[in-house]
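Descriptive structure summary
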Amino acid sequence: MKPRSFLTHAIHTGQQPDPHTGSVIPPIYMTSTYAQEFPGAHKGYDYTRAGNPNFTHLEETLASLEQGKFATAFSSGLGAITALVSMLKSGDTVVASYDMYGGTYRLFRQVFEKFGIRLLQVDTSDLEAVQKSLEEQPALLFIESPTNPLLRITDIRKVAGLAHRYNTIVAVDNTFATPYFQNPLALGADVVIHSTTKYLGGHSDIIGGTLITNQGGIKEQADFLRKAMGLNPSPFDAWLTSRGIKTLGLRMEQHQKNAMAIAEFLQQHPKVKKVYYPGLASHANHGVAQAQMSGFGGIVSAEFDFELEIMKRFIASFELFTLAESLGGVESLVDHPASMTHASIPAEERKKAGLPDGLVRFSVGIEDSSDLIEDLAETLETFQARER
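Since this is a predicted model, take the numbers as computed values, not measurements. (Residues numbered from 1 in each chain as written. Predicted model: local features only at pLDDT ≥ 70, side-chain atom pairs only at ≥ 80, totals over all residues. Heavy atoms only, no water.)

Right, let's get into the overall build of the chain. Scanning the chain from terminus to terminus reveals 14 helices and 12 strands. In terms of overall dimensions, the chain is globule-like: its C-alpha atoms have a radius of gyration of 21 Å, near the 21 Å expected for 388 residues. Counting over 388 residues, the chain shows a buried share of 55%. Considering only contacts in the chain between residues 6 or more positions apart, those separated by 24 or more positions represent 72%. As displayed, the chain has an accessible area near 16,500 Å², and 52% of this comes from carbon and sulfur atoms. (Helix = DSSP H or I, 4+ residues; strand = E, 2+ residues; numbered from the N terminus. Rg over C-alpha atoms; globule rule 2.2 N^0.38 Å. Buried < 20%, exposed > 50% of the residue type's maximum accessible area, 1.4 Å probe, protein only. Contact = heavy atoms within 4.5 Å. Areas by Shrake-Rupley, 256 points an atom, 1.4 Å probe, with all protein chains shown as cover.)

Rendered as C-alpha cells:
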C-alpha cells in the first residue's frame with residue numbers, strides 16, 4: 001500500500017474499531033486501575049498515570065502526523081515541556097526563542113532556574129545569534145516557530161544542523177504551525193512539543209500536551225517522567241483530542257484562509273501600524289516560512305494606532321472575536337499579550353524581545369471571513385469616530 005496522506009492518518013491511525021465490540025469509535029477507558037492475572041502480569045496497563053488505551057490511541061495518531069516513531073501524551077503543553085526539561089541536570093543551559101509563550105517563560109524562570117537550569121534567550125531566527133549561543137554548550141535548544149506572539153520563523157533545518165555539532169538536543173514547539181503545515185522532525189529536530197489544547201483539540205474544551213520524537217531513549221524517559229511526576233491527561237481529554245484531530249486538516253485550511261484575509265485587510269487599514277503574519281510577503285521571515293511550511297497558520301498579530309487604554313477597550317468591543325486567552329479553537333479569539341498570555345514576562349524582558357505593549361494577537365477561527373472582517377471594520381470605525 002502506498003504511504004497514506006495526512007487526512008487519512010488523522011482519521012484512521014490509532015483509531016481502529018474496538019476489537020471486543022466492533023465500535024467504530026474506540027471507547028473512553030475511564031479507569032484508574034486494571035485487573036492483573038498474577039502479580040506483575042497484566043495486559044499492558046496497570047495504572048492510568050502510567051498508561052491508558054486512550055493515551056495509546058492518541059499517541060499513535062500524533063506520531064504518524066508528525067512523521068515520528070513515538071509520542072507521549074501529557075496533561076498540558078507545559079506538562080510536556082516540564083518532562084522534557086526534567087531530562088536535563090542541574091547546571092545545564094537551555095537556549096530558547098526570545099518571544100516565547102509567557103507560560104513557558106514562567107516555567108523556566110520561576111521553576112527550573114531554582115533547580116540550576118539556566119535559560120539563555122536569543123532570536124532563533126538569527127543564525128549568527130544561535131551560533132554564538134551554542135558556544136555556551138547548551139544541553140537543549142528550545143524553539144518556537146512561529147513564535148508566540150510575534151510569529152518569527154526559525155530556519156529549523158539550519159539551526160538543527162548547527163546545534164547537533166555541539167550535541168545539543170533540538171526541540172520545536174510546533175503548536176502554532178501544527179503538523180498539518182510543518183514537520184520539525186523531518187527538518188532535523190529531535191523533539192516536537194504541542195499544546196494539544198490548541199489546534200489539535202480544536203474546540204476549546206480540553207487541556208493537553210504531547211512530546212513526539214524518533215528517539216527511543218527520549219520516549220522511554222518521557223513515559224517514565226509522566227508516571228513519576230503525575231503529568232498524565234485524563235482518558236476523556238485524550239479521547240476528545242483524538243476526536244478533534246480527525247478534522248484538523250480541514251480546520252487548518254479554513255484557519256489559514258481566514259487569517260490571510262484578515263492580515264491583508266489589516267495591512268491596508270489606516271489605523272493599523274504593523275501586521276505580523278508569515279504568509280504576507282512583507283513578513284521578515286516570509287521566505288523561510290515558504291521553504292519549510294506548507295501553510296502559514298491561523299494566528300495574526302497587529303499593532304493599532306490607538307493609545308494603549310483605548311486599544312484595550314477596542315479589543316474588548318468585538319462581537320465575533322471573543323477576548324480570551326488561548327488559541328486554536330474553531331471560534332475567533334483576541335488577546336492582549338502584555339496583560340494576558342505574556343503578563344508573566346517582566347516589561348523589560350518583553351521590550352528586549354521586541355514585544356510591544358500595544359501588540360494584539362488574533363486567533364482566527366473558521367467562521368465566514370467576511371463576517372470576521374466586518375466585525376473588525378465596524379469596531380475600528382466606531383473607535384475612529386470617537387477620536388474625531
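Moving on from the coordinates now.
This part takes up the sheet that holds strand β11 (residues 333-335). With mixed pairing, five strands are arranged side by side in an open sheet as β8-β9-β12-β11-β10. Since the sheet does not close on itself, it has two edges, and those belong to β8 (272-276) and β10 (322-323), each with one partner. Where β8 and strand β9 (residues 299-304) come together, four bridges link them in antiparallel fashion. Paired with Y276 across the strands is S301, a residue of β9. Each of β8, β9 and β12 (359-363) touches helix α10 (residues 248-267); the most contacted strand, β9, lies at about 15° to it. (Pairing = 2+ DSSP bridges. Axes fitted to C-alpha atoms, helices over the stretch in contact; angles between N-to-C directions.)

L266, F304 and F362 are the most contacted members of the largest nonpolar core, which totals 31 residues. Mapped onto this core, the elements with two or more residues apiece are α10, β8, β9, α12 (308-315), β12 and α14 (369-387). When near neighbours in sequence (up to four residues on either side) are disregarded, F362 contacts L266, G298, I299, V300, F304, F318, F321, L333, V334 and L376. One finds A83, A96, A139 and L231 within the second-largest nonpolar core, a separate group that totals 29 residues. (Core = buried A, V, L, I, M, F, W, Y, C linked by side-chain atoms within 4.5 Å.)

Moving on to unusual backbone geometry. Backbone phi values are negative for most residues with the exception of glycine, while trans is the configuration of most peptide bonds. Of note, the amide linkage connecting S145 to P146 takes the cis form, showing an omega dihedral of 0°. Structurally, P146 is set in the loop between β4 (140-144) and α6 (156-164). Note the cis peptide between N148 and P149, where omega equals 15°. The backbone of N167 shows a phi angle near 60°, a positive value even though the residue is not glycine. On the secondary structure map, N167 appears in the loop between α6 and β5 (169-173).

Scanning the model with the defined rule gives 12 salt bridges in all. R118 is paired through a salt bridge with E136; the nearest N and O atoms lie 3.1 Å apart. With R118 in strand β3 (residues 118-122) and E136 in the loop between α5 (127-134) and β4, the pair connects residues that are 18 residues apart, well separated along the chain. Looking at R118, the relative accessible area reads 37%, which means it is partly exposed. (Salt bridge = Lys/Arg side-chain N within 4 Å of Asp/Glu carboxyl O.)

For helix α4 (residues 102-111), the set of buried residues is G102, G103, T104, Y105, L107 and F108. In this fold, the buried residues of α4 make contact with α3 (77-85), β2 (93-97), β3, β4 and α13 (347-352).

This part covers the sheet that holds β5. Ordered in space as β1-β7-β6-β5-β4-β2-β3, the seven strands form an open sheet in which the pairing is mixed. Two strands bound the open sheet, and with one partner strand each, they are β1 (70-74) and β3. Strand-to-strand twist in this sheet, taken as the mean axis angle between neighbours without regard to direction, amounts to 20°. In this sheet, strand β7 (residues 209-213) lies alongside β1 in antiparallel orientation, the contact comprising five bridges. Among the inter-strand pairings, F74 is bridged to a residue of β7, identified as G209. Sitting on the sheet, α6 touches β4 and β5, and the angle it makes with β5 is about 155°. Along the sheet, helix α8 (residues 216-229) contacts β1, β6 (191-195) and β7; its crossing angle with β1, the most-contacted strand, is approximately 20°.

Another point: the packing of aromatic side chains. Taken as a whole and judged by the stated rule, the model has 15 aromatic pairs. Ring centres of F6 and Y180 lie 5.1 Å apart, and the angle between their planes is 70°; on these two criteria the pair is classed as edge-to-face. Pair noted here: F6 is in helix α1 (residues 6-12) and Y180 is in helix α7 (residues 178-181), with a separation of 174 residues, a long-range link. On the basis of relative accessibility, which here comes to 19%, the residue Y180 falls in the buried class. (Phe/Tyr/Trp six-rings, centres within 6.5 Å; stacked < 30°, edge-to-face > 60°.)

Moving on, we get to α5. Taken together, the buried positions of α5 are V130, S133 and L134. Down the axis of α5, the buried set is contained in an arc of 100°. They therefore lie on one face. Pointing more than 90 degrees away from the buried face of α5 are the exposed residues E128 and K132. For α5, the elements touching its buried residues are β2, β3, β4 and α6. Taking the backbone nitrogen of E128 as reference, a side-chain oxygen 3.0 Å away marks D126 as the first, capping residue of α5. (Arc of directions from axis to C-beta. Polar contact = N/O pair within 3.5 Å; in protein donor to acceptor, adjacent residues only side chain to side chain.)

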